[in-house]
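For reference, the chains in residue letters:
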Amino acid sequence: MKKKWLSASMLLLALTLVLSACGGSKNSSDDGKTAAGGGSSSGGSGDKVTIKMMHLWPDGSNSAQNKLAKQIISEYEQANPNVKIETEVLENEQYKNKLKVLSASNSLPDVGFTWAAGFLEPYVKGNMFAPLDDLLQGDLKDKFVAGTTEAYAVDGKTYALPVELNIVPVYYNKEIFAKYNLQPPKTYEEFKNIIKTLNDNKVTPIALGSKDAWTGSFWYMYLAERLGGPDMLDQAVASSTFSDSSLIQAAKEAQDLVKSNAFVKGFNGLSNDEAKSEFMNEKAAMYAMGTWEVPNYTTNPDIPQEFKDKIGFFKFPTIEGGKGNINDWVGGVGVGMFVSENSKVKEDAKKFVNYFVKRWGELSVVDAGIIPGTKVDTSSVKLPQMFIDVLNELNNASKVILYLDVQMKPGAAEEHYNLIQALLGNAITPEEFAKKQEEALKTGK
């Protein structure tokens, strides 16, 4: 999925290849503020410790994250004078390639960043990442949004801690809704009535660009969760079975949305950017997309305030008789911090990761506009109300269901994209959709 996990699972097939090392720049952590309250002292002695860290936020392209990382590193070094954090910074694709190269020679940095699920698994199977469950039982206990650390778990152990998180609300134009006396729906029947009312008044209900098939998958995933419950999709991928009646019914409901003219005309041939413009230009009443869009409706100075004031969001409604929860969200984590299993300073590295993740959660929303994997104390941040409301929803989330394409291995994920487009294009039946998706999962590729 585009801006989220950048198709992280596609690296599975290439893990065993030894690639040419990509160059990078080393950056010393020489700026930032002193930690309020200090950090944990390293070890029990005054021995000098050097922790090698590699991250993917260059100053030019990811300046907000880069600045925040430098600040946290500087704080930690000042609170722990015997510790030096040596950083190497690479852009996204270079970072992925370098990680593979280093893993081939068992020389990963002491601390680094990894994507979840499919990307993470081969490193864990290769015994390269250290379990971090002990940190989750310390002062990070109950600090993470529900369902986020599970995305980095393999066989019941957690191998990274999330620093980024996004969920998928349904944004809506409050002015359009008010014009036709509509309210944000709580039930799926109410939602379908909204679609009918908007169509009756010649207003496009939903902006969707399913040429980028991951956008169409959002709608299928929500329908599957609301029908089958929060564990349905996880279990389907884990067991390589897609035959549950809820999964087939969700496919049918997705096709029924298409038949009811819920989506913008020609949606299967539109890119996400093209669909987004329909919503931003107020030609469509609703738009389901990740919370990376929230700044466009709250803090982005390039967007007119008049438009931002018109935008709200609602949770995907519940379906009568379904097992899903209104507080379950489709979404997922971005990168998470790992500690190398072969690190010579493993315990010191864990203490640093503990501090970094906690501090990142305290600073990232206001300082960098990034929603962290940890819960945010909204009483202590100054942000527009819509941003506060999104953060409060995350704090109260029952579960964040990880995007299907991120959960799946590369071949199955690619087939999922093809099948979503075929399903929404009415080129296959719901039963064929489920059967072909199961076949793709069973190939194990």
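Here goes a summary of the coordinates provided. Being a predicted model, the structure only gives us computed values, none of them experimental.

**Describing the overall build of the protein chain**
And then number 1: Per the secondary structure count, the protein chain includes 17 helices and 15 strands.
And then number 2: When the accessible surface of the protein chain is split by element, carbon and sulfur atoms take 47% of a total near 18,300 Å².

**Some thoughts on the packing of aromatic side chains**
And then number 1: This structure, assessed with the given rule, holds 33 aromatic pairs.
And then number 2: Relative to Phe263, the ring of Trp219 lies with its centre 5.5 Å away and its plane at 70°, an arrangement referred to as edge-to-face. Taken together, the positions of Trp219 in helix H8 (residues 214-228) and Phe263 in the loop between helix H10 (245-259) and helix H11 (272-280) put the pair 44 residues apart, joining distant regions of the chain. The burial state of Trp219 is the same as that of Phe263; both residues are buried.
And then number 3: Taken together, the ring pairs in this structure connect Tyr172, Phe177, Tyr188, Phe191, Trp219, Tyr222, Phe263, Phe267, Phe314 and Phe316 into an aromatic cluster.
And then number 4: In this structure, Lys96 packs its charged tip against the face of Trp115, placed 4.8 Å from the ring centre.

**Considering the side chain of Glu253**
And then number 1: Tracing the backbone shows Glu253 in helix H10.
And then number 2: Buried charge without a partner: Glu253 forms no salt bridge, and the closest opposite charge is Lys192, 4.6 Å away.
And then number 3: With residues up to four places along the chain from it excluded, the contact list for Glu253 reads Tyr188, Leu223 and Leu227.

**Details of helix H13 (residues 346-368)**
And then number 1: The end-to-end C-alpha separation of H13 is 29 Å, well short of the 33 Å expected for 23 residues at 1.5 Å each.
And then number 2: Largest kink in H13: about 40°, centred on Glu362.
And then number 3: Just downstream of H13 lies Gly369, where phi reads positive at about 70°.

**Quick notes on the sheet that holds strand S8 (residues 165-167)**
And then number 1: One open sheet accounts for three strands, arranged S8-S13-S15; its pairing is mixed. Because the sheet does not close on itself, it has two edges, and the strands there are S8 and strand S15 (399-402). Shown here is a sheet whose adjacent strand axes are inclined to one another by a mean of 45°, direction ignored.
And then number 2: Here strand S13 (residues 328-333) runs beside S15; their pairing, made up of four bridges, is parallel. Looking across to S15, one finds that Asp328 is bridged to Lys399.
And then number 3: This element, H8, spans S13 and S15 of the sheet and lies at about 130° to S13.

**Notes on unusual backbone geometry**
And then number 1: One non-glycine residue, Ala117, lies in positive phi territory at about 50°.
And then number 2: As for its position among the elements, Ala117 is in helix H4 (residues 117-125).
And then number 3: Exposure remark for Ala117: the relative accessible area of 19% places this residue in the buried category.
And then number 4: Of note, the phi angle at Asp142 is positive, near 65°, even though the residue is not glycine.
And then number 5: Structurally, Asp142 can be placed in the loop between helix H5 (133-136) and strand S5 (153-154).

**A few points about helix H14 (residues 385-395)**
And then number 1: All of the buried residues along H14 are Met386, Phe387, Ile388, Val390, Leu391, Glu393 and Leu394.
And then number 2: On the buried face of H14, the contacting elements are S8, strand S9 (170-173), strand S12 (311-314), S13 and H13.

**Remarks on the nonpolar core**
And then number 1: Counting 157 residues, the largest nonpolar core has Tyr220 and Met286 as the members making the most contacts within it.
And then number 2: It is H13 that contributes the most residues to this core, ten residues altogether.
And then number 3: Not counting residues up to four positions away in its chain, the partners in contact with Tyr220 are Phe242, Leu247, Ala250, Ala251, Leu404, Ile420, Leu423 and Phe433.

**Section: the pattern of salt bridges**
And then number 1: The full count for this structure, using the stated rule, is 20 salt bridges.
And then number 2: Close ionic contact of Glu75 with Arg359 constitutes a salt bridge, the shortest N to O distance being 2.7 Å. Taken as a pair, Glu75 in helix H2 (residues 63-79) and Arg359 in helix H13 lie far apart in primary sequence, 284 residues in all. The two residues Glu75 and Arg359 agree in class, both being buried.
And then number 3: The partner of Asp134 in a salt bridge is Lys350, and the shortest N-O contact between them spans 3.2 Å. Taken together, the positions of Asp134 in helix H5 and Lys350 in helix H13 put the pair 216 residues apart, joining distant regions of the chain.
And then number 4: What makes Asp134 partly exposed here is its relative accessible area of 41%.

**Considering the environment of Gly312**
And then number 1: Looking at the secondary structure, you find Gly312 in strand S12.
And then number 2: Note: C-alpha distance between Gly312 and Val294 (18 residues apart in sequence) is 9.8 Å.
And then number 3: Residue contacts for Gly312: discarding those within four places in its chain leaves Val170, Tyr171, Tyr172, Lys174 and Met386.

Conventions adopted
Starting afresh in each chain, residues are numbered from 1 along the sequence in its written order. Restriction of local features to residues with pLDDT of at least 70 applies here, the model being predicted, together with a cutoff of 80 or more for giving and counting side-chain atom pairs; totals for whole chains, interfaces and linings are based on all residues. Neither water nor hydrogens contribute to the side-chain values; these are computed over all heavy atoms in the structure. Put simply, DSSP H or I for four residues or longer makes a helix, DSSP E for two residues or longer makes a strand, and each gets a number counted from the N terminus. Note that accessible areas follow from Shrake-Rupley with a 1.4 Å probe, and for residues the cover is restricted to the protein chains shown. Think of it this way: a Phe, Tyr or Trp ring, Trp meaning its six-membered ring, pairs with another when their centres are within 6.5 Å, and the plane angle makes it stacked under 30 degrees, edge-to-face over 60, tilted otherwise. Each residue's exposure class comes from its accessible area (1.4 Å probe, protein chains only) as a fraction of the maximum for that residue type: buried when under 20%, exposed when over 50%, partly exposed otherwise. Lysine NZ or arginine CZ positioned within 6 Å of the ring centre and within 35 degrees of the ring normal marks a charge as sitting over the ring. The charged-residue count follows a simple rule in which Lys and Arg add positive charge and Asp and Glu add negative charge, with His and chain termini not counted at all. For this analysis, a salt bridge means a side-chain nitrogen from Lys or Arg found within 4 Å of a carboxyl oxygen belonging to Asp or Glu. By definition, residues are in contact when any of their heavy atoms lie within 4.5 Å. Expected helix span is taken as 1.5 Å per residue step, with the number of steps being one fewer than the number of residues. Axes are fitted to the seven residues ending at a residue and to the seven starting at it; the angle between these axes is taken as the bend at that residue. Note on pairing: DSSP must find at least two bridges between two strands before they are called paired. Lines fitted to the C-alpha atoms define the axes, with helices restricted to the stretch that makes contact. Angles between their N-to-C directions range from 0 to 180 degrees. Residues belong to a common nonpolar core when they are buried Ala, Val, Leu, Ile, Met, Phe, Trp, Tyr or Cys residues joined through side-chain atoms within 4.5 Å.

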